[in-house]
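In case you want the letters, here they are:
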Amino acid sequence: MKSSNPVLARLGQAAERERAAGYAQPGPYGQPGYPQQYQPYPQQQSYPGAPGYPAAPPTVTAMTLDDVVVKTVLMLGILGASAAAAWVLVPDALTGAAWIGAAVVGLVLGLIISFSRMANPALVVAYSIVEGVFVGMVSKTFDTLYDGIVLQAVVATFGVFFLMAMIYKARIIRATPKFARIMVAIIAGLFGVMLINLVLALFGVNTHLRDGSPLAIGFSLVCIVVAALSFVLNFAEIEEGVRMGLPQRYSWTAAFGIVVGLVWLYLEILRLLSYFQGDD
């Protein structure tokens with residue numbers, strides 16, 4: 001199944017390219033290529049004039065679910081460490097600037113990773129660091145206003161994530177092509193609405209989507225549900241990538257998709273919880 005996941009959509013294409021490169025390599029002198037397992041082995045010589053011996057063909061380690069889990073945990077560790085460092089080291093007077101700067105840089109890096117044709121661990125790690133600064137600044141601001149809200153949001157975020165993992169494993173919700181198309185359309189629509197709302201807010205226009213009103217609560221609930229359902233697309237794409245024998249380095253791209261969903265879910269839960277904190 002070809003997924004329409006906006007973050008991991010290129011994994012299937014990458015698998016096709018890797019298979020094309022690995023299993024249909026061109027023969028010598030422009031001869032037609034052979035499947036890798038049938039290609040003549042290159043000859044190795046221990047010294048000039050010695051008879052050659054077959055050399056082992058190059059192999060590519062396939063991605064596994066464990067690889068994705070390890071990379072996801074590593075990304076979350078880097079993100080958490082970056083958030084903690086930003087929380088402690090960035091002065092209160094620079095919180096707003098750091099928040100906006102990290103958000104812009106993180107968005108650019110995220111788009112580059114999402115639409116890149118190759119998995120790039122360095123970019124993924126850089127994204128984790130920058131996004132950690134953003135999350136740290138947002139969390140510090142909310143925690144200053146509402147004591148203990150950050151811990152509540154973290155617990156709720158991982159609770160929702162593991163619940164969706166169990167739901168997917170039980171096949172209660174399946175990532176059918178129709179489901180994927182609908183989810184991508186909804187996600188694109190939500191981000192479009194949020195972008196328009198942000199632009200209008202800069203000009204002093206209040207759409208009541210982020211002010212704690214009943215409309216704002218409803219909008220946050222919709223975002224949380226959609227963010228949670230997006231993990232179904234992530235899980236399906238990872239499962240397909242493992243089945244197709246995607247190279248191990250693409251586990252970074254798969255982990256990136258999970259982390260993006262977790263950050264979005266966390267921010268929406270954090271915002272929703274703030275609506276019920278009162279004016280203490």
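Everything quoted here is computed from the prediction, not taken from an experiment.

Trainee: Explanation requested: helix H8 (residues 251-275) in the structure shown.
Mentor: Residues three or four positions apart in an α-helix share a direction because the helix packs 3.6 residues into each turn. Between the first and last C-alpha of H8 there are 37 Å, a value that for 25 residues agrees with the 36 Å anticipated at 1.5 Å per step. With 21 of 25 residues buried, H8 lies mostly within the body of the structure.

Trainee: Can you help me understand the nonpolar core in this one?
Mentor: If you look at soluble globular proteins, the nonpolar side chains tend to sit buried side by side. Core analysis: the largest hydrophobic core is formed by 61 residues, its most contacted members being Met75, Phe231, Trp264 and Leu270. With 15 residues, H8 is the largest single contributor of residues to this core.

Trainee: How should I be thinking about the UniProt feature "transmembrane region" (unreviewed entry) in the protein chain in this particular structure?
Mentor: Per the UniProt annotation, the sites labelled "transmembrane region" (unreviewed entry) are residues 68-90, 96-115, 122-142, 148-168, 180-203, 215-238 and 250-267. Helix makes up 96% of residues 68-90 and strand 0%, with an end-to-end C-alpha separation of 32 Å. Strand forms 0% of residues 250-267 and helix 94%; the C-alpha atoms that close the span are 26 Å apart.

Trainee: What exactly am I supposed to notice about the pattern of salt bridges here?
Mentor: Oppositely charged side chains may form a pair once their charged atoms are brought near each other. Using the criterion set out here, one finds four salt bridges in the structure. Between Glu239 and Arg171 there is a salt bridge whose closest N-O contact spans 2.9 Å. You can see Glu239 sitting in helix H7 (residues 214-243) and its partner Arg171 sitting in the loop between helix H5 (149-169) and helix H6 (177-202), a full 68 residues away along the chain. The closest approach of N and O atoms between Arg210 and Glu268, which form a salt bridge, is 2.9 Å. Here Arg210, found in the loop between H6 and H7, pairs with Glu268, found in helix H8; they are 58 residues apart in sequence, far enough to count as distant. Overall, Arg210 belongs to the partly exposed group, its relative accessible area being 21%.

Scoring rules and cut-offs
Residues numbered from 1 in each chain as written. Predicted model: local features only at pLDDT ≥ 70, side-chain atom pairs only at ≥ 80, totals over all residues. Heavy atoms only, no water. Helix = DSSP H or I, 4+ residues; strand = E, 2+ residues; numbered from the N terminus. Expected span 1.5 Å × (residues − 1). Buried < 20%, exposed > 50% of the residue type's maximum accessible area, 1.4 Å probe, protein only. Core = buried A, V, L, I, M, F, W, Y, C linked by side-chain atoms within 4.5 Å. UniProt positions renumbered as here; feature names shortened; annotations may be inferred. Salt bridge = Lys/Arg side-chain N within 4 Å of Asp/Glu carboxyl O.

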